[in-house]
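Secondary and tertiary structure notes
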Amino acid sequence: MTRVAAIDCGTNSIRLLVADADPATGELTDLDRRMTIVRLGQGVDRTGRLAPEALERTFAACREYADAIRSLGAGPLRFVATSASRDAENRDDFVRGVRDILGVEPEVVTGDQEAEFSFTGATRELAGRRDLDTPYLVVDIGGGSTEFVVGAERVRAARSVDIGCVRMTERHLVRDGAVADPPSRERIAAIRADIDAALDLAGRTVPLREARTLVGLAGSVTTVAAIALGLPEYDSAAIHHSRVPVERVREITERLLGSTHAERAAIPVMHPGRVDVIGAGALVLLAVMERTGAAEVVVSEHDILDGIAWSLVEEHRQGD
């Protein structure tokens, strides 16, 4: 066993995984898996900079994670930063703060690297399952971007495009600091137009329609799945590897986009930090399913975070 710590810092949330990895079985045993909504990407699409308050929220979470990593005695640590910190003019402030708190340099990865981590995390445990055909299309809907990866045992093609749930919400649904509640048909149509253009772009690199199994990752997808399952509270074990038909995704998306903030917040499985961005995230998922012709999405709780952890295991083995 190798005890590793992985941190995934995205546009909307920062997440920690401390796990014992068994390379022989391909299994990760979670010791601590947690998520904090920090909205690091707050305003980045408009200003091009990370807001001071967003940086402080992120650094506060990093301090909590540093304590957890230390208490569990994890060895290798890898901190991967995604879309928001990749785009920001003042990303050096972010890098310096993380390094001071955690003692490692955050890696501002490319979209292709992000896609490879997501694919490994989502599919490593699916190998050999007879009920799921390959190739897989892994779709990771983040806050600032969405990654598309096609492959079977290995990545065949990947593309990252800028249609995350936070980016789409801030671009089309926020006026004078408030989120449209609920949004007009015109605003929803504007989001859909952006998504469709991004899917055109992704389709030039990734053969979206050739995949046999659609695997959906990250908070927008898992929240839609939790709603589809009618869970009284968020239950990761119940959500992991659940299957949601496209008709159900369409129904839930329309419900979310037609509801008020209070109505969305009242959904038992809704994380408070996801209330305003879940409508845009669900619309991305629906658009992907309609574009690819997928009858269902297989939902995975294992994603880029698990892929980061496995990359540490591989480095450890090579070092031996």
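Residues numbered from 1 in each chain as written. Predicted model: local features only at pLDDT ≥ 70, side-chain atom pairs only at ≥ 80, totals over all residues. Heavy atoms only, no water.

**Things to note about the overall build of the chain**
Each helix and strand counted, the chain has 13 helices and 13 strands in total. Taking 2.2 N^0.38 as the reference for a compact globule, 320 residues should give roughly 20 Å; the C-alpha atoms of the chain span a radius of gyration of 18 Å, in line with that estimate. Seen along its three principal axes, the alpha-carbon backbone of the chain occupies a region of about 55 × 50 × 40 Å. Burial statistics for the chain: of 320 residues in total, 56% are counted as buried. Look at the contacts in the chain between residues 6 or more apart in sequence, and 69% of them connect residues 24 or more apart. Of the roughly 13500 Å² of accessible surface on the chain, 45% is carried by carbon and sulfur atoms. Mean positive and mean negative side-chain charge positions of the chain (38 and 51 charges, respectively) differ by 3 Å. (Helix = DSSP H or I, 4+ residues; strand = E, 2+ residues; numbered from the N terminus. Rg over C-alpha atoms; globule rule 2.2 N^0.38 Å. Buried < 20%, exposed > 50% of the residue type's maximum accessible area, 1.4 Å probe, protein only. Contact = heavy atoms within 4.5 Å. Areas by Shrake-Rupley, 256 points an atom, 1.4 Å probe, with all protein chains shown as cover. Lys, Arg positive; Asp, Glu negative; His and termini not counted. Charge placed at Lys NZ, Arg CZ, Asp CG, Glu CD.)

**Things to note about the nonpolar core**
Counting 49 residues, the largest nonpolar core has L137 and F148 as its most contacted members. Listed by contribution, the elements that provide at least two residues to this core are β6 (136-141), β7 (146-151), β8 (155-161), α7 (185-203), α8 (219-229), α10 (246-257), α12 (278-292) and β13 (296-299). Per element, the largest residue contribution to this core is ten residues, and it comes from α12. Those residues in contact with L137 that lie beyond four places of it in its chain are F148, V149, V150, V206, L208, A211, T213, L214, V215 and T292. (Core = buried A, V, L, I, M, F, W, Y, C linked by side-chain atoms within 4.5 Å.)

**A few points about the sheet that holds strand β2 (residues 13-22)**
If you trace the five strands from one edge of the open sheet to the other, you get β3-β2-β1-β4-β5, paired in mixed fashion. The open sheet has two edge strands, β3 (27-37) and β5 (107-108), and neither has a second partner. Taken together, the five bridges between strand β1 (residues 2-9) and strand β4 (residues 77-81) define a ladder with parallel strand orientation. Pairing of I7 across the sheet is with F79, part of β4. Against the sheet, helix α4 (residues 91-102) makes contact with β1, β4 and β5, and its axis sits at roughly 160° relative to β4, the strand it touches most. (Pairing = 2+ DSSP bridges. Axes fitted to C-alpha atoms, helices over the stretch in contact; angles between N-to-C directions.)

**What about the layout of surface pockets?**
In this approach a probe as big as a water molecule rolls over the atoms, and the regions it shows empty are the leftover space. As a volume, the largest pocket reaches approximately 660 Å³. If you go around the largest pocket, you meet 37 residues; those closest to its centre are S13, R15, M35, G219 and R274. Where the lining of the largest pocket is concerned, the elements lending two or more residues are β2, β3, β6, α8 and α13 (304-319). Among the residues forming the lining of the largest pocket, the class breakdown is ten nonpolar, 17 polar and ten charged. Space inside the second largest pocket adds up to approximately 500 Å³. Lining the second largest pocket are 21 residues, with F119, T120, T123, E153 and R154 positioned closest to its centre. Elements that contribute at least two residues to the lining of the second largest pocket include exactly α5 (111-123) and α13. Among the elements that line the lining of the second largest pocket, the one with the most residues is α5, at five residues. (1 Å grid on protein atoms, 1.4 Å probe; cavity = no way out; pocket = protein on both sides within 12 Å on 5 of 7 lines; lining within 4 Å. Points joined across faces, edges and corners; volume = space filled by probe spheres on them. Nonpolar A, V, L, I, M, F, W, Y, C, P; charged D, E, K, R; others polar.)

**A closer look at the sheet that holds strand β12 (residues 243-245)**
Here we have six strands laid out as an open sheet, ordered β8-β7-β6-β11-β13-β12, and mixed in their pairing. Each of the sheet's edge strands pairs with one partner strand only, and the pair in question is β8 and β12. The average undirected angle you get between the axes of adjacent strands in this sheet is 25°. Sitting on the sheet, α8 touches β6, β11 (213-217), β12 and β13, and the angle it makes with β13 is about 105°. Of the strands in this sheet, β12 and β13 are in contact with α10, which crosses β12 at around 75°.

**Side note on the pattern of salt bridges**
Between side chains of opposite charge, pairing is possible as soon as their charged atoms come close. Throughout the structure, instances matching the rule amount to 26 salt bridges. In this structure, R33 and D30 form a salt bridge, with 2.6 Å as the shortest nitrogen-oxygen distance. Taking the relative accessible area as the measure of exposure, D30 reaches 35% and is therefore partly exposed. In this structure, R34 and D32 form a salt bridge, with 2.7 Å as the shortest nitrogen-oxygen distance. (Salt bridge = Lys/Arg side-chain N within 4 Å of Asp/Glu carboxyl O.)

**Overview of the pairing of β11**
Summarising burial for β11: five of the five residues are buried, a large majority. Of the two faces of β11, both are covered, the one formed by T213, V215 and L217 as well as the one formed by L214 and G216. When β6 meets β11, the two strands line up parallel, connected through five bridges. Across the sheet, the residue bridging to V139 is G216, located in β11.

**Looking at the side chain of S300**
Take S300: it is sitting in the loop between β13 and α13. Within polar-contact distance, the side chain of S300 engages the backbone oxygen of H302 at 2.8 Å. Setting aside residues up to four positions removed in sequence, S300 forms contacts with A122, V215, G216, L217, A218, T222 and H240. (Polar contact = N/O pair within 3.5 Å; in protein donor to acceptor, adjacent residues only side chain to side chain.)

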